[in-house]
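# Fold and geometry: a report
Okay, here's what each chain looks like letter by letter:
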Amino acid sequence: MPPMSPQMPPSPQLPPYITDTDHRQRSLQQLRAKTTDLEKYLFLNTLKERNPAMFYDILIENMMEVGEACMNYSHIWSRPEGLYVSLEHKGRIREILRSWPAGPAARIAVVTDGSRILGLGDLGANGLPISIGKLDLYVAGAGIVPSSTLPICLDVGTNTQKYLDDPLYIGRREKRPDVKEMEEFMEEFMGAMHDVFPELLIQFEDFSTDNAFKFLDRFQNRYPCFNDDIQGTGAVVLSGFVNAAKLASEASGASLKDHKILFFGAGSSGIGVAKQLLSFFRVQGMSEEEAKARIYTVDSKGLITADREGLQQHKKFFARTDYDGPPLKKLEDIVEYVRPTALLGLSTTSKAFNEDVIKLMAQYNKRPIIFPLSNPVSLSEVDFKDALEWTDGSVIFASGSPYDPVEYPKDSGSMHEAGQGNNMYMFPGIGLGAILSKAKQVTDGMIEQASLALSSCLTDEEKDTGLVYPKLTRIREISATVALRVAREAAKEGVDNNVVFRSLSDEALLEHVKDKMWDPSKSYSRGRM
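Below, the structure is looked at part by part. All figures in this text were calculated on a predicted structure; none of them were measured in a lab.

Check the secondary structure of the protein and you find 21 helices and 14 strands. A total of 529 residues make up the protein; the buried ones form 57% of that total.

So, in structure tokens, the structure goes:
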């Protein structure tokens, strides 16, 4: 092999042979040398500023947690990365929004008020990395053009005293506003967003439970918006449940109508998922009341019944009216009473599904459906290995966080993979479909079609291994399929402004969607800086 000859480098400060090396591989090695999520976040953040295309190319293959970055954001902040809209901006929010460099070219915003971040609680203005991270996943998972994204944190105060006392805290040093003031602020904010960014899709992220439901109900029919915690989580769980229910019914010989679902956790995600799963029973020809009767909800006080005093509004929808015994508080007692075919966890209560609970589920079901969906792994209701052992390998399992494959039985050579009910399957495709169809709103039907699209994405190999979700490595292919179904439903309901899509065949529309997806690997030479 002849020796390399020096090239004219992009800059005289660079080594002469730098263009003959794979800088992507070098960056990956540097990333993998970091030992904590915070170090990885800081490294990737610097890479994103220096070489955005390479950052997104690497991100596609290397997803990461952002929780630690949020908790420390006031201390690691170094440069503007998004937009802060503060309570002090009331009356001039349009002026603040017009300062965003992309202007009307912005197509998607992720908006948080930092009040309920990743099970970490009220982080206030430290919540901006959540919006940034979600938009990075839109870019990586659905090819959204980076310059069209808008991360926003609503800086309306925090009720977390340690941040109010922190001299480096970058947010408003006040408690959160009362209901009336917050509603007035949100009305002005949403109206201003629509005026300044007329083609913008808004994703609400990590609002407190009451506000998450309230603002989704208030705005979803007026502006193009959706709530990932409520609708995205619900859609991805519905998709996995459709495939899991088929496997369970094949084993038991029972009808799909016979499934009963027990939800442990009744916050915005829990109730949002439960409402989405009504679709599963409605598809079987059941009425809404019949479908509701197949779903039971549990919170920290036990089985939720309609006669409980002080019951929060969002919990009333599934509150049982057919139980008149003493309060059922222990999960084991509730499982014994309900005898569900599926147990879903959205509680952020680590190890809540103990051995007794899981063994009861296996006693009542040939193939029990166990979905511990809380993030991260440290908050999961049960570990995959334990669920396999306690059910003698019969469990149909999907989690909210990734688990490594498990050999069961031990030394058998038989490897079992856990499905992961990750919202990453859902929100990028929903966003892409809504943006391309120029949807005037994101309807319940569009969310449902996104879910059904995902459930159809399993390959024969994935079905043969008993997976209920496709491999996440196929995310861009999956997002394109989801986007197609979302766009089709938008047209069916007449909420699309891009009516050209209506005349395209599914094959042509899918190709068009894929053609519109930004590809970071084509935006730079891997051998160059």
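From this point, things continue past the structure.
Before going further, it helps to spend a moment on the pattern of salt bridges. Within this structure, the stated rule accounts for 27 salt bridges. When the shortest N-O distance is used, the salt bridge between E184 and K180 registers 2.5 Å. Here E184 and its partner K180 are both found in helix α9 (residues 179-196), 4 residues apart, which amounts to about one turn of the helix. Relative accessible area serves as the criterion here: at 35%, E184 is assigned to the partly exposed category. For K180, a relative accessible area of 56% gives the class exposed. A salt bridge links K315 to D299; the shortest N-O distance between them is 2.9 Å. A residue pair is termed long-range when its members are at least 10 positions apart, and K315 in the loop between β8 (302-303) and α14 (331-338) and D299 in strand β7 (residues 295-299) qualify at 16 residues. Note on accessibility: K315 and D299 belong to one class, buried. Connected through shared salt-bridge partners, E183, E187, K214, R218 and R222 make up one network.

Looking now at the packing of helix α11 (residues 228-252) against helix α12 (residues 268-283). Following both chains from N to C, one finds α11 and α12 inclined at 45°, their axes separated by 7 Å at the closest point. Classified by the angle between their axes, α11 and α12 sit oblique to one another. For the crossing formed where α11 meets α12, the hand is right-handed. Contact residues: D229, I230, Q231, T233, G234, A235, V237, L238, F241, V242 and A245 in α11; S268, S269, G272, V273, Q276, L277, S279 and F280 in α12. When grouped by side-chain class, the residues that make up the contact of α11 with α12 number 10 nonpolar, 8 polar and 1 charged.

Reading guide: rules and limits
Residues numbered from 1 in each chain as written. Predicted model: local features only at pLDDT ≥ 70, side-chain atom pairs only at ≥ 80, totals over all residues. Heavy atoms only, no water. Helix = DSSP H or I, 4+ residues; strand = E, 2+ residues; numbered from the N terminus. Buried < 20%, exposed > 50% of the residue type's maximum accessible area, 1.4 Å probe, protein only. Salt bridge = Lys/Arg side-chain N within 4 Å of Asp/Glu carboxyl O. Axes fitted to C-alpha atoms, helices over the stretch in contact; angles between N-to-C directions. Parallel < 35°, antiparallel > 145°, perpendicular 65-115°, else oblique. Left-handed = near helix turned anticlockwise from the far one by under 90°. Contact = heavy atoms within 4.5 Å. Nonpolar A, V, L, I, M, F, W, Y, C, P; charged D, E, K, R; others polar.

Keep in mind these values describe shape, not function.
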